Amino acid sequence: MNCTAEQILNEALAAWDWNGQVAGALRYGAGHINDTFCVYVQDEAGDCVRYILQRINTNTFTDPDGLMENICGVTGYLRKVIEEQGGDPMRETMNVVYTREGKPYYADSDGGAWRVYTFVEGTVCLQKVEQPEDFYESAVAFGNFQRQLAGYDASTLHETIARFHDTANRYANFEKALAADACGRAKDVAEEIAFVQAHKDDCSFMMNLLAEGKLPLRVTHNDTKLNNILMDKATRKGICVIDLDTVMPGLAANDYGDSIRFGANDCAEDEPDLSKVNFSLPLFESYTKGFLQAAGDALTDLEKETLPWGAKLMTLECGIRFLTDYLEGDHYFRTHRPGQNLDRCRTQFKLVRDMEAAWDEMAAIVKKYS
Ligand code: ADP
Ligand code: GN1
Ligand code: MG
């Protein structure tokens, strides 16, 4: 970190009362958008207490007031639901720590926005499925999250990123990036471009059903990667859904589908060797079972029937977004090496092809647990 960044970090740290002495703050986690730090505090008894400090990416989330209003509203509501169910709200939902001035975030002198959460101890955060049960448990956790928020007034939520999972609009943005070809990279990715263009009509499938009033809008998470769940270290149950920046009105199938995209395979999202990228039907089945057990009662028949579409379109959409960012010069998703967004795009398209080949089996599995 350069000197200015360190000064800004220190400025942000000074905005909270840590109930002890801050021993340090280190980068933490593997997210693509925000900057996350773990803050180590020595409390009066000499014990170490950890917190999560995040610099919200305000290029992506341009309205931090609205965003934090969503998060405080949703976590406050979840706290009540969890208490009523006899659970522990300090472990089963995120808890925002307010600044010394009583604000949900701190605006730094450089235009940045910072927030703090209590650290949920005794948990693991997986980057990849280690055993099918983990994936099943993550499905139960995301399904529960959706059910617990079923009574939350969606009209009070700010749309933190406009048209976030409007796949048809993502397609239109891709065409714009391709026409501009700002970095001269289009010539190297003809195959990927052709793949996207061959799927143009698919991009409108779910959005059309929504526009026709056939699918309902629900309060959804919209970024249901496996690494956005904290699992209890001892029981391996998914206990806390994190990364609530994109909680907005959305489609149930998209929450289901984004989890399948990320977790129903045994490779990294940016695996360069496509021979290692394979969609796993057994993992697909584990997740489907958990999700429908937890949230199935609340879903309409069409919502359940279109779950495979959610899986395919979230994967296609994410691939389109990675490709668009590659064409535009890698300024949306954080990258650690050249070509990383292109590798990410290719894994997604390989998974889409696998899903298309397994389409009938996917539909049969969804039917089995519906
Ligand atoms: P991003 O939006 O960049 O993905 P996240 O909110 O998902 O950021 O946080 C990044 C990582 O920090 C998570 O994957 C998880 O490992 C860890 N993390 C976030 N919040 C907490 C928390 N309250 N307790 C423990 N770990 C957390
Ligand atoms: C981003 O912030 P993170 O890493 O949880 C992105 C998601 C993508 C995901 C791909 C706000 O999620 O939409 O699916 O990367 N979040 C945002 O890994 O764009
Ligand atoms: Mg995350």
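Criteria and thresholds
- Residues numbered from 1 in each chain as written.
- Chains lettered and ligands numbered in written order.
- Predicted model: local features only at pLDDT ≥ 70, side-chain atom pairs only at ≥ 80, totals over all residues.
- Heavy atoms only, no water.
- Buried < 20%, exposed > 50% of the residue type's maximum accessible area, 1.4 Å probe, protein only.
- Helix = DSSP H or I, 4+ residues; strand = E, 2+ residues; numbered from the N terminus.
- Pairing = 2+ DSSP bridges.
- Near = heavy atom within 4 Å.
- Polar contact = N/O pair within 3.5 Å; in protein donor to acceptor, adjacent residues only side chain to side chain.
- Nonpolar A, V, L, I, M, F, W, Y, C, P; charged D, E, K, R; others polar.
- Domains from an automatic or database assignment.
- Contact = heavy atoms within 4.5 Å.
- Buried area = accessible area lost by both parts, 1.4 Å probe.
- Salt bridge = Lys/Arg side-chain N within 4 Å of Asp/Glu carboxyl O.

> I keep staring at the pairing of strand β9 (residues 229–232) and nothing clicks. Help me out?
Residues in a regular strand point their side chains to alternate faces of the sheet. Both faces of β9 are covered, namely the face carrying I229 and M231 and the face carrying L230 and D232. Sheet topology places strand β7 (residues 123–124) next to β9; 2 bridges connect them, and they run antiparallel. Paired with T123 across the strands is D232, a residue of β9. Pairing of β9 with strand β10 (residues 238–241), which is carried by 3 bridges, proceeds in the antiparallel orientation. Each bridged residue has a counterpart across the sheet, and for I229 the counterpart in β10 is V241. Counting the residues that bridge the hairpin from β9 to β10 gives 5 residues, and of these R236 lies at a positive phi of roughly 65°.

> Help me out: how do you make sense of the site of ligand 2 in this one?
By nearness alone, 17 residues border ligand 2, and D223, K225, E269, R321 and Y332 come closest of all. For ligand 2, an oxygen atom lies 2.9 Å from a polar atom in the side chain of D243. In the model, an oxygen atom of ligand 2 is placed 2.6 Å from a nitrogen or oxygen of the E269 side chain. No other element matches helix α11 (residues 307–328), which puts 3 residues into the shell around ligand 2. In terms of residue class, the shell around ligand 2 is built from 8 nonpolar, 3 polar and 6 charged. Inspection of the shell around ligand 2 shows a minimum of three residues originating in each of domain 1 (5–120) and domain 2 (132–369).

> It is not clear to me how the domain arrangement of the protein should be interpreted in this structure. Could you clarify?
The parts lose accessible area when they come together, and the size of an interface is often stated as this lost area. In terms of domain boundaries, the protein breaks down into domain 1 (5–120) and domain 2 (132–369). Distance from the C-alpha centre of domain 1 to the C-alpha centre of domain 2: 26 Å. Contacts between the two partners involve 27 residues from domain 1 and, on the opposite side, 27 residues from domain 2. Summing both sides of the interface, domain 1 and domain 2 together bury roughly 2,400 Å²; the carbon and sulfur share of this comes to 57%. R91 serves as the salt-bridge partner of D232, at 2.8 Å between the closest nitrogen and oxygen. Inspection of the domain 1/domain 2 interface yields 11 residue pairs in polar contact (both at pLDDT 80 or more). If you list the elements that add at least two residues to the side of domain 1 that touches domain 2, you get α2 (64–84) and α3 (89–92). Considering every element that reaches the side of domain 1 that touches domain 2, the biggest residue donor is α2, with 12 residues.

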